[in-house]
Amino acid sequence: SLNQMEKFEVVEISKEVPEIKIIEAEDYAGKLVELRGKVTHVKITGGPTIFTILDEGGIITAAAFEGGERAYPEVNASDIVKIIGIVKRRDADLQIEVLEMERLLGEEAYAISKRIEDEIDKKCEPPYVEFLIESDILENLRDKMVKVAKELRKAVFESRPVIIRHHWDADGICSGVALEKSLLSFIEKNASSEMKHLIKRKVSRAPFYELEDVVKDLDESLEDSEKFGDKIPLVVLVDNGSGVEDIPAIEQFLTFGADIITIDHHFPDEKVDSYLLHHINPYKVGGDSNYTAGILCTELSRMIDEVPGIEFLAAVSVFGDRSSGAVEKYIELVGVSREELVNTALAIEFEAFYLRFRSASQVIHEILGFGRKDRQKKLVDILSGYAKSGIEEQVRTVMEGLKLQTLPNGVVLAAIDVENYAKRFTFPPPGKLTGEVHDRLKNEYNRLVTIGYGPDFAIIRSEGVELDIPKFVAELREEINAGVDGGGHLVVGSIKFIPAKRKDVLSKLAAKISSL
Amino acid sequence: SLNQMEKFEVVEISKEVPEIKIIEAEDYAGKLVELRGKVTHVKITGGPTIFTILDEGGIITAAAFEGGERAYPEVNASDIVKIIGIVKRRDADLQIEVLEMERLLGEEAYAISKRIEDEIDKKCEPPYVEFLIESDILENLRDKMVKVAKELRKAVFESRPVIIRHHWDADGICSGVALEKSLLSFIEKNASSEMKHLIKRKVSRAPFYELEDVVKDLDESLEDSEKFGDKIPLVVLVDNGSGVEDIPAIEQFLTFGADIITIDHHFPDEKVDSYLLHHINPYKVGGDSNYTAGILCTELSRMIDEVPGIEFLAAVSVFGDRSSGAVEKYIELVGVSREELVNTALAIEFEAFYLRFRSASQVIHEILGFGRKDRQKKLVDILSGYAKSGIEEQVRTVMEGLKLQTLPNGVVLAAIDVENYAKRFTFPPPGKLTGEVHDRLKNEYNRLVTIGYGPDFAIIRSEGVELDIPKFVAELREEINAGVDGGGHLVVGSIKFIPAKRKDVLSKLAAKISSL
Amino acid sequence: SLNQMEKFEVVEISKEVPEIKIIEAEDYAGKLVELRGKVTHVKITGGPTIFTILDEGGIITAAAFEGGERAYPEVNASDIVKIIGIVKRRDADLQIEVLEMERLLGEEAYAISKRIEDEIDKKCEPPYVEFLIESDILENLRDKMVKVAKELRKAVFESRPVIIRHHWDADGICSGVALEKSLLSFIEKNASSEMKHLIKRKVSRAPFYELEDVVKDLDESLEDSEKFGDKIPLVVLVDNGSGVEDIPAIEQFLTFGADIITIDHHFPDEKVDSYLLHHINPYKVGGDSNYTAGILCTELSRMIDEVPGIEFLAAVSVFGDRSSGAVEKYIELVGVSREELVNTALAIEFEAFYLRFRSASQVIHEILGFGRKDRQKKLVDILSGYAKSGIEEQVRTVMEGLKLQTLPNGVVLAAIDVENYAKRFTFPPPGKLTGEVHDRLKNEYNRLVTIGYGPDFAIIRSEGVELDIPKFVAELREEINAGVDGGGHLVVGSIKFIPAKRKDVLSKLAAKISSL
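No experiment lies behind these values; they were computed from the predicted model shown.

Criteria and thresholds
- Residues numbered from 1 in each chain as written.
- Chains lettered and ligands numbered in written order.
- Predicted model: local features only at pLDDT ≥ 70, side-chain atom pairs only at ≥ 80, totals over all residues.
- Heavy atoms only, no water.
- Helix = DSSP H or I, 4+ residues; strand = E, 2+ residues; numbered from the N terminus.
- Buried < 20%, exposed > 50% of the residue type's maximum accessible area, 1.4 Å probe, protein only.
- Contact = heavy atoms within 4.5 Å.
- Areas by Shrake-Rupley, 256 points an atom, 1.4 Å probe, with all protein chains shown as cover.
- Core = buried A, V, L, I, M, F, W, Y, C linked by side-chain atoms within 4.5 Å.
- Pairing = 2+ DSSP bridges.
- Axes fitted to C-alpha atoms, helices over the stretch in contact; angles between N-to-C directions.
- Polar contact = N/O pair within 3.5 Å; in protein donor to acceptor, adjacent residues only side chain to side chain.
- Domains from an automatic or database assignment.
- Phe/Tyr/Trp six-rings, centres within 6.5 Å; stacked < 30°, edge-to-face > 60°.
- Lys NZ or Arg CZ within 6 Å of the ring centre and 35° of its normal.
- Expected span 1.5 Å × (residues − 1).
- Parallel < 35°, antiparallel > 145°, perpendicular 65-115°, else oblique.
- Left-handed = near helix turned anticlockwise from the far one by under 90°.
- Right-handed = clockwise from strand over helix to strand, strands pointing away.
- Nonpolar A, V, L, I, M, F, W, Y, C, P; charged D, E, K, R; others polar.
- Disulfide = S-S within 2.5 Å.

*Asks:* Tell me about the overall build of chain A, residues and numbers included.
*Replies:* When you go through chain A residue by residue, the secondary structure sums to 15 helices and 16 strands. Expressed along its principal axes, the backbone C-alpha trace of chain A runs to roughly 95 × 55 × 50 Å. Buried residues in chain A amount to 60% of all 516 residues. Long-range pairs, those at least 24 residues apart, make up 66% of the contacts in chain A with a sequence separation of at least 6. For chain A, the accessible area works out to roughly 19700 Å², and carbon and sulfur atoms hold 48% of it.

*Asks:* I'd like a rundown of the nonpolar core, residues and numbers included.
*Replies:* Core analysis: the largest hydrophobic core is formed by 147 residues, its most contacted members being A:Phe253, A:Ile451, A:Ile513 and C:Leu368. In contact with C:Leu368, other than residues within four places in its own chain, are C:Ile173, C:Cys174, C:Val177, C:Phe312, C:Leu313, C:Thr344, C:Ile348 and C:Gln376.

*Asks:* Report on the sheet that holds strand β3 (residues 59-64) of chain C, specifying residues and quantitative values.
*Replies:* Residues and elements named next belong to chain C. The five strands lie next to each other as β1-β2-β3-β5-β4, forming a closed barrel whose pairing is mixed. Strand-to-strand, the axes of this sheet are offset by a mean angle of 55°, without reference to chain direction. As paired elements, β3 and strand β5 (residues 93-104) share three bridges and run parallel to each other. Bridge pairing in β5 places Ala-63 opposite Glu-97. Its contacts with the sheet place helix α2 (residues 106-124) against β1 (32-44), β2 (49-54), β4 (80-90) and β5, and it is angled at close to 75° to β1.

*Asks:* How would you sum up the pairing of strand β6 (residues 162-167) of chain A? Please name residues and give values.
*Replies:* Residues and elements named next belong to chain A. Of all the six residues making up β6, six are buried; the element is thus mostly covered by neighbouring parts of the structure. Note that β6 and strand β7 (residues 199-204) share six bridges and pair parallel. Note on β7: the bridge partner recorded for Arg-165 is Lys-202. Note: β6 against strand β8 (residues 234-238), five bridges, orientation parallel. If you follow Val-162 over to β8, its bridge partner there is Leu-234.

*Asks:* Before we move on, can you summarise the side chain of C:Asp224 with the specific residues and values?
*Replies:* Residue and element names in this part refer to chain C. Relative to the elements of secondary structure, Asp-224 occurs in helix α5 (residues 211-228). Judged by its relative accessible area of 19%, Asp-224 is buried. Only 3.1 Å separates the side chain of Asp-224 from the side chain of Lys-200, close enough to count as a polar contact. Once you skip the residues sitting within four places of it in the chain, Asp-224 turns out to touch Lys-200, Gly-229 and Asp-230.

*Asks:* Which residues make up the domain arrangement of chain A, and what values do they have?
*Replies:* Annotation of chain A at the domain level lists domain 1 (13-106), domain 2 (129-310 + 323-330) and domain 3 (400-514). One C-alpha centre belongs to domain 2 of chain A, the other to domain 3 of chain A; they are set 30 Å apart.

*Asks:* Residues and numbers for helix α6 (residues 247-255) of chain C, please.
*Replies:* Buried residues dominate α6(C), accounting for eight of its nine residues. Those residues of α6(C) that sit buried are C:Ile247, C:Pro248, C:Ala249, C:Ile250, C:Glu251, C:Gln252, C:Phe253 and C:Thr255. In this fold, the buried residues of α6(C) make contact with α10 (338-355) and α12 (373-399) of chain B together with β6 (162-167), α5, β8 (234-238) and β9 (259-263) of chain C. Count one or two residues on from α6(C) and you reach C:Gly257, which has phi positive near 95°.

*Asks:* Please set out the packing of aromatic side chains residue by residue, giving values where relevant.
*Replies:* Enumeration over the complete set of coordinates arrives at 21 aromatic pairs over all chains. A ring pair is formed by B:Phe350 and B:Tyr354, whose centres lie 5.2 Å apart and whose planes are at 65°; its orientation type is edge-to-face. Within this pair, B:Phe350 and its partner B:Tyr354 are both found in helix α10, separated by four residues, close to a single helical turn. B:Tyr354 matches B:Phe350 in its accessibility class, with the two residues each being buried. An angle of 85° between the planes, with centres 5.0 Å apart, marks the rings of C:Phe353 and C:Tyr354 as edge-to-face. A single burial state applies to C:Phe353 and to C:Tyr354, both of which are buried. What links up through ring pairs into an aromatic cluster is the set A:Phe350, A:Phe353, A:Tyr354 and A:Phe427. The positively charged end of C:Arg142 is found above the aromatic ring belonging to C:Phe131, 4.2 Å away from the centroid.

*Asks:* For helix α7 (residues 293-304) of chain A, give the residues involved together with the corresponding values.
*Replies:* Residue and element names in this part refer to chain A. Helix length check: α7, at twelve residues, gives a terminal C-alpha distance of 16 Å against a target of 16 Å (1.5 Å per residue), a fit within 8%. The buried fraction of α7 is high, at twelve of twelve residues. Taken as a whole, α7 has its buried residues at Ala-293, Gly-294, Ile-295, Leu-296, Cys-297, Thr-298, Glu-299, Leu-300, Ser-301, Arg-302, Met-303 and Ile-304.

*Asks:* With reference to specific residues and values, describe the packing of helix α2 (residues 106-124) of chain B against helix α3 (residues 136-157) of chain B.
*Replies:* Each packed pair of helices is defined by two parameters, the angle between the axes and the distance between the axes. Residue and element names in this part refer to chain B. Relative orientation of the contacting elements α2 and α3 amounts to 130°, with a least axis distance of 9 Å. With respect to each other, α2 and α3 are oriented oblique. When you trace α2 past α3, the crossing you get is right-handed. Residues Ile-120, Asp-121, Lys-123 and Cys-124 of α2 form the contact with α3, whose own contacting residues are Lys-150, Arg-153, Lys-154 and Phe-157.

*Asks:* Residues and numbers for the sheet that holds β7(A), please.
*Replies:* Residues and elements named next belong to chain A. Across the sheet, five strands lie side by side as β7-β6-β8-β9-β10; this open sheet has parallel pairing. Here the strands that pair on one side only, and so sit at the sheet edges, are β7 and β10 (278-280). Neighbouring strand axes in the sheet, compared pairwise and without regard to direction, differ in orientation by 15° on average. Contacting β6, β7, β8 and β9 (259-263), helix α4 (residues 170-190) crosses the sheet at an angle of about 160° to β6. Seen against the sheet, α7 touches β8, β9 and β10 and runs at an angle of roughly 120° to β9.

*Asks:* How would you explain the side chain of B:Glu349 if you had to name every residue and give the values?
*Replies:* All names here are of chain B. By secondary structure assignment, the location of Glu-349 is in helix α10. Of the polar contacts made by the side chain of Glu-349, one reaches the backbone nitrogen of Ala-170; its length is 2.8 Å. When neighbours within four sequence positions are excluded, Glu-349 is seen to be in contact with Trp-168, Asp-169, Ala-170, Phe-427 and Lys-432.

*Asks:* Any details on unusual backbone geometry? Residues and values, ideally.
*Replies:* A cis amide bond links A:Phe427 with the next residue in sequence, A:Pro428, at an omega value of 0°. For A:Asp239, which is not glycine, the phi dihedral falls at a positive 60°.

*Asks:* With reference to specific residues and values, describe the pairing of strand β13 (residues 448-453) of chain B.
*Replies:* Residue and element names in this part refer to chain B. For β13, the tally of buried residues reaches six of six residues, placing the bulk of the element in the interior. Every second residue of β13 is oriented toward a common face, with Leu-448, Thr-450 and Gly-452 on one face and Val-449, Ile-451 and Tyr-453 on the other, all of them buried. As a crossover connection, the stretch from strand β12 (residues 412-417) through helix α13 (residues 430-441) into β13 is right-handed. One ladder, built from six bridges, connects β13 with strand β14 (residues 457-463); its direction is antiparallel. Directly across from Thr-450, in β14, lies its bridge partner Arg-461. If you look at the hairpin formed by β13 and β14, you'll find three residues sitting between the two strands.

*Asks:* Tell me what's going on with the environment of B:Glu212, and back it up with residues and numbers.
*Replies:* Mapped onto the fold, B:Glu212 is located in helix α5 (residues 211-228). The class for B:Glu212 is partly exposed, based on a relative accessible area of 28%. Note: C-alpha distance between B:Glu212 and B:Glu24 (188 residues apart in sequence) is 46 Å. Those residues in contact with B:Glu212, other than ones at most four positions away along the chain, are A:Tyr354 and A:Arg356.

*Asks:* Quick one: what's the story with the environment of C:Leu132, residue by residue and with numbers?
*Replies:* Residue and element names in this part refer to chain C. By the secondary structure assignment, Leu-132 is in the loop between α2 and α3 (136-157). On a C-alpha basis, the gap between Leu-132 and Thr-298 in space is 9.2 Å, while along the polypeptide they are 166 residues apart. The residues contacting Leu-132, other than those within four sequence positions of it, are Thr-298, Glu-299, Arg-302, Glu-311, Tyr-330 and Leu-333.

*Asks:* Report on the packing of helix α12 (residues 373-399) of chain C against helix α13 (residues 430-441) of chain C, specifying residues and quantitative values.
*Replies:* All names here are of chain C. Across the interface, α12 lies against α13 with an axial gap of 10 Å and an inter-helix angle of 75°. With respect to α13, the element α12 is oriented roughly perpendicular. Only Lys-432, Leu-433, Glu-436, Val-437, Arg-440 and Leu-441 of α13 make contact with α12, whose side of the interface consists of Ile-391, Glu-392, Gln-394, Val-395, Val-398 and Met-399. Across the contact of α12 with α13, the residue classes break down as seven nonpolar, one polar and four charged.

*Asks:* Help me get a handle on the state of the cysteines, residues and values and all.
*Replies:* In the structure shown here, the tally under the stated rule is zero disulfides over all chains. Left unpaired, A:Cys124 is separated from the closest cysteine sulfur, that of A:Cys297, by 19 Å. On the accessibility criterion, A:Cys124 (0% relative accessible area) is buried. Take B:Cys297: it sits in no disulfide, and the sulfur closest to it among the cysteines is that of B:Cys174, at 10 Å. The class of B:Cys297 is buried, set by a relative accessible area of 0%.

Quick look at the structure:
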């Protein structure tokens, strides 16, 4: 194998290399150029080391070959460098094949760095977009949204990983996908496709940022930081992230340098805000949970980048969370029957349930219309069909265990035992099953609270009653030594407790509902 | 780092390049050649892009270097191309180092494509092989087997992934390994070793193709399709795949373009056939479940490619599923004691149980004799020893809770509480434990049904009684609102129900057995 | 894409290449050299094939390019080779770019092999280090420790993977990290950084080497062996590995050629020793469990390589396992308050619990002081804060179910129902929760046994009583048909049984305690 030896031959590099800006690279394909910029990412591969370079006009990757090992070990993310290399075409992208790279220091580096920062800051400013519906609530949130959109665009320019952690239900998934799609589209236009893997959409099992989830995110981030020089991520909590239960996870990630943004429509706890970089929540501007996370993220995504078909996500989320009022205008926008939207929400939740919290973007994107349209229709039909028969089956058995009582104040309390009268690990899961039973019962009763209970949890749905579940939880914690916690929306939520005290907790809860 | 620059020097490629067929490549090692063929796969690596090329005589990979990025982005799977390159030796394989690749279109491409298709079709035709034992049942299945063998060989030539999903028990594993080994051997002789990773053997936890499994397979397939251009797989369901419970999973994968083949010896439900490309099942030709999936797959595998020692898998499967009758002739074939075969089946199930559904081919192949023979012996001894003492221990405790009653019709009904009288997550699992108790009891009782029950399931084994478990399940669904489902073989199976109705379900079941 | 063709040009390699030893490579950077050595590892990458070469003076990697495929397929681990190549600098390491490699055979190979072996044997001999505290127990263990340190150093020179399997608690983690850090440091000084990934620290969920863990380790080892030519590993069991329960796992791995070393401070069972290469245990030299695994591994790690701050691990382990006596001298060594050490132990266990048995070295190293010091402080504060409030909350609810009785012999027996009076999947887990309750109660009672029970297990803590839990387990197995097993330390342990016999087992246990 004499190949290697055969390669060597001395060639002089001409001093007459033109200095260009990244945006001009297109015109120099195949030519030798010089450019200056900021290193935002360094990726070590089996082949070349790939440096992502940012200047005031754009982003380009630069490949330096060093026999399968890290090239230019002295150059790291955040450094300012001068590069001499050849502009090559790589699939859709351009790339510099590096001949020489030099780290710049001192005044020259500072000036370049400052210039880039100023220009990038301008480029991150989102364009003005009209909201899809007229809404004072949304207008009140506009400033916050603009700030968040800017932050996310900046992450792209800075090659900073973005973790999107969202609830597993239809609203949460639509929200996460809206952000994911718009960020990927923004990368396509403004950065190297290399960076697409920095957008990480992940599903939360619980309705809050669990410790189990944060330690996994943290571990992966530190590993990527160690191995690839990745930055500590910008974390976006979607359809959760506004409760006290989120604080331990948030606090831990902050310690390692993450920034956290919450986009939620659950009733927020004030304590959380001091930990967050931004918090978008309709309750903060006079709105309520009818403004789904899916709506908020759809509108926000349009400030990041326009993606055809994105409004469909808002419409599906409205059905997913059974929202009503002004937000129903999203339904008209999409020109699709109500039935099809309901079916899509069902199909998404059915599939997500069996995906057991894998994000599975390909499958989910297909169901949500970002793949082949004929397949979308067929998939939604099949999956929603199975979802409906699954619901019918489980509702039928759980109704056998239904206990109905009319409380002194006229509220009807419906209790179902979702542990013994339903099948485990089978769609619909307890929360959704309780909701389905509640929907059937509320046709008969105006003032209704439905409780689906298991050995150590209770899920609460209500209609025509002014519940305040977070308040109930706080009171129960004082009144019974049962490890009560939980939360959710004001009128829809869940509580957990120790198994030994289930009876006490449920009867205290009934008493509270009785005195509303 | 001036290496890159130093490389460049213009060289003219001579016009006198010989045009060869892939099968002739061996004679041109180190030489510049031209060839035409169909791209069946494109793999992007950190180094070169690897194109798999098929012509009427064979398969070869072609490596195109493009500095760590996708080379020839305009060329995709299914395209017809002309390649100029150097034939290189890579380990056992040959490979073309691409200098020029051009996508052909129109009539020329069509003619080449047609010619390749015709030739490949011939090459996929399996050779005639005598079955290992004389059997009318097998002869009746021959036509089906030939078709399936041809389909699997074709997948190799077309670089189409094959997912083999099999039951986790000894029969299922032997079946899956038989197909895996013969496909790998066929690849070795007919294609590039690159393609070995397209054969994916996976273990099913449930005795049917679960939704949880299909969404994982689907997600991985779509990811591989997106990342590597992999085709949508050919799925082979082995030792399951013939029941109504399989339909939701099958239907979903079909929507994405998969083809599904079932090779099973469970009593088949007619509804499944309309979803399947092929269905091999002894019940369809007058046979029964004594023809294990391991036998069917061993015989089928011999039509794909001959693998030394493959008949051992059939013999082990006979003991794994306690089959009897004509199929016992497989035992004589292998020249190994019955005890050793029993021990191998036990060792496989013990190891598979603790592997918790990882396919772990290396370990499993060793136990089944495809590794070092001295180690096989030792491994089987150790593992079957632990398996036996595990069985003794669990049988001993579960017998404490045994309830025996003689039904009015003389059938003895044995009920064991496998939840409270056995240890969880410990070998043997409930199904196997019930079988072991049944085997001990049937020495004493001629007409016996053994039921191992937990909070929401019952496992049924029978002897000397004409059970029809699928019929029981159908009736119980009508008679009790308990979410009953399940199935299996006619006389060996399991049913699931909601915990609240366990007592009702079990007493109805006893009544049914009583009236046989 | 004519790049490839353009490269070729014939160059003659001069015959005047100097033959060097690996240790001299530094002086030949950029030069053509010849060297002879033993191949210890072959790694196939997307780019070059990387051969790890050992001679009597050192280790170096050699990269051979063969167009993305395995170069020199005839050369494998253990072969003696002659290499001609250019010495290149790669990051911190040197590497040979291979021009020619030839496998040597016969006498020449044997002589080189022997010479290397002898020299490496000398280099593996650990230096003499004084123990951090004066202790006869440790001195009695010195010989064993020297042997184990030598074995681990040898694994580095031989590119043999090392699996460190340790208990998930603070003591186990500190032990595992001590070995991990010193081996990584030894690699940094003596071998290529390539080899760092051969040190695999893994967390055991159970207090012994479970079958589930060993089959995973085995499967991964065989896969790595198949794919990368990795050797079968040296396995170090830490803070477990000395009980009969470990034998099935150990025996299985041995069959595949692994060697197993145990470093434990649990009361050892004699049967294990015949399976182990070495066994370090204070009970074998007149000590007891106060000599934590963390202490043993810290002292051992210092014979492998000195790592600044390593003594901190010993000190944390003392608090993690509540050790007392001579070993408290480790606390004084580190110059850190007792409170901070307690908090670190708590922080580690809290994080490990939510990591659910991922080893997550980056996060864990930060908490243990091998990262940024300011962050360590903050992390320990946050995590131990959450750990403490988690403990308070669970202790508060579990105390509701406390049953206290004074036995005839004056021993107070405290029983808590950790299944019904605590939350599942929540820190602290049952074992730690039982310990915390015990710690509170022992302030009031001199002679105390605390039992935390669930449906199929009981955790035992004791104070002022001469328990012998392994003996109890052996007796209970005889007396009740309940599948009893378990163990642990003499006075701290756990037992498992079938749910149906919980009452029997617990009352027999109480009777035994009563008759002490």
